[in-house]
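Structural overview for review
The lines below spell out each chain.
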Amino acid sequence: MRWISVLMLVIAIAAGATTAAIGQEGFARKPEYSLTFLKGKLVRETPAPKERLTTDSAVRAGDVLRTGWRSSAKISSSGMGTSFHISPRSTVRLASDQPGVLLEVQKGRLRAVFDKISEGPSAERIITTPSAILAVRGTEYGVAVSKAGDTSVVVFSGVVDVTDSGGATPSVSITAGQFCNIPRGQGPSNPTPHSMGPGDWDHGQMPSSMSGHGTNGSMGGHGSGHSHGGGAMGHGG
């Protein structure tokens, strides 16, 4: 399947391989982004100088963005059919030096929405974390990264193909209504059912069986007294 080639290509580039092997139009092109919603504080950490952004601010590939306490933001890339709903106290990097990667989640949590796009070299879109590579087409899912770099993925619709960041273990397909954990330096866990919806995620919920995964108290969730088969999270540390 083509997504396997895409994942292995990203892994090779991350290991320092030449980008000359890409050879696919669109994969080497950095996408354009826009800030379409902002509540509270959003800081551009790099490039320097550090800057607090407003709803009128431009955001670009390579920017490292950090949301503040009780803050959230939505970053869209209309050309890639993608939007990212970034939760409080999260740090992300738009695009990267790795062709094909739309966003790196360095710490915290977000909900990603991917519309279906036409077949072609850029049909697979990738998010990375310190411990995982996530490849999708049309789907919606939540991703959370702990301070230790462990990753949790909760899928609401579609399919997410997950592998560890080093490519040392086989990839796992996570379908709608499932979640998995990817500890740093290890492969993905077996998919496990959940009963959460996107609204539960946006209110800081995590599947209850994730509560011991090191995400509670470090993801920056909103916190909620509601439960849809998930455990409420406090405000991140």
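Check the entry above for the structure.
For the structure given in this document, a descriptive report is provided here. Just so we're clear, the structure is a prediction, and the values are computed from it rather than from any experiment. (Residues numbered from 1 in each chain as written. Predicted model: local features only at pLDDT ≥ 70, side-chain atom pairs only at ≥ 80, totals over all residues. Heavy atoms only, no water.)

What follows concerns the overall build of the protein. For the protein, the count of helices and strands is 2 helices and 18 strands. Within the protein, buried positions represent 51% of all 237 residues. Partitioning the intrachain contacts of the protein with sequence separation of at least 6 by distance along the chain shows that 51% fall at a separation of at least 24. For the protein, the exposed surface amounts to about 10000 Å²; the carbon and sulfur share of it is 51%. (Helix = DSSP H or I, 4+ residues; strand = E, 2+ residues; numbered from the N terminus. Buried < 20%, exposed > 50% of the residue type's maximum accessible area, 1.4 Å probe, protein only. Contact = heavy atoms within 4.5 Å. Areas by Shrake-Rupley, 256 points an atom, 1.4 Å probe, with all protein chains shown as cover.)

What follows concerns the nonpolar core. Phe-84, Leu-110, Ile-127, Leu-134 and Tyr-141 are the most contacted members of the largest nonpolar core, which has 36 residues in total. Tallying contributions element by element places strand S8 (residues 101-114) first for this core, with 6 residues. Discounting chain neighbours no more than four positions away, the residues touching Phe-84 are Ala-73, Lys-74, Ile-75, Leu-102, Leu-103, Leu-110, Arg-111, Ala-112, Phe-114 and Ile-127. Counting 7 residues, the second largest nonpolar core, distinct from the first, contains Ala-144, Val-154, Phe-179 and Met-196. (Core = buried A, V, L, I, M, F, W, Y, C linked by side-chain atoms within 4.5 Å.)

Before going further, it helps to spend a moment on the pairing of S8. Summarising burial for S8: 12 of the 14 residues are buried, a large majority. Where strand S6 (residues 82-86) and S8 come together, 5 bridges link them in antiparallel fashion. The partner of His-85 across the bridge, within S8, is Arg-111. In this structure, strand S7 (residues 91-94) lies alongside S8, joined through 4 bridges in antiparallel fashion. Within S8, the residue paired with Leu-94 across the bridge is Leu-103. As defined by bridge partners, S8 adjoins strand S9 (residues 125-128) across 3 bridges and the pair is classed as parallel. Across the sheet, Glu-104 pairs through a bridge with Thr-128, a residue of S9. Sheet analysis places S8 next to strand S11 (residues 139-145), joined by 7 bridges and oriented antiparallel. The residue bridging Ala-112 from the neighbouring strand is Tyr-141, located in S11. (Pairing = 2+ DSSP bridges.)

What follows deals with the pattern of salt bridges. In the structure shown here, the tally under the stated rule is 7 salt bridges. A salt bridge links Arg-44 to Asp-63, with the nearest nitrogen and oxygen atoms 2.6 Å apart. On the criterion of sequence distance, the pair formed by Arg-44 in strand S2 (residues 42-46) and Asp-63 in the loop between strand S3 (51-52) and strand S4 (64-67) is long-range, its members being 19 residues apart. A salt bridge links Lys-50 to Glu-45, with the shortest nitrogen-to-oxygen separation between them at 3.3 Å. (Salt bridge = Lys/Arg side-chain N within 4 Å of Asp/Glu carboxyl O.)

Our next topic: the side chain of Arg-109. You can see Arg-109 is positioned in strand S8. Buried within the structure, Arg-109 lacks any salt-bridge partner; Asp-202 is the closest side chain of opposite charge, at an N-O distance of 6.5 Å. (Lys, Arg positive; Asp, Glu negative; His and termini not counted.)

Applying the stated criterion to the full structure yields 3 aromatic pairs. Each ring, one from Phe-114 and one from Tyr-141, has its centre 5.9 Å from the other, and the planes form 5°; the classification is stacked. Taken as a pair, Phe-114 in strand S8 and Tyr-141 in strand S11 lie far apart in primary sequence, 27 residues in all. The same class applies to Phe-114 and to Tyr-141, which are both buried. Ring centres 6.5 Å apart and planes at 70° place the aromatic pair Phe-156 and Trp-201 in the edge-to-face group. (Phe/Tyr/Trp six-rings, centres within 6.5 Å; stacked < 30°, edge-to-face > 60°.)

The next thing to look at is the environment of Ala-176. Take Ala-176: it is sitting in the loop between strand S14 (172-175) and strand S15 (178-182). For the pair Ala-176 and Tyr-141, spaced 35 residues apart in sequence, the C-alpha separation works out to 8.4 Å. The residues touching Ala-176, leaving out its near neighbours within four places in the chain, are Val-155, Phe-156, Ser-157 and Gly-158.

To continue, consider the side chain of Thr-82. Turning to its location among the elements, Thr-82 is positioned in strand S6. Within polar-contact distance, the side chain of Thr-82 engages the backbone oxygen of Met-80 at 2.9 Å. In contact with Thr-82, not counting residues within four places along its chain, are Ile-75, Ser-76, Ser-77, Leu-102, Val-113, Phe-114 and Arg-125. (Polar contact = N/O pair within 3.5 Å; in protein donor to acceptor, adjacent residues only side chain to side chain.)

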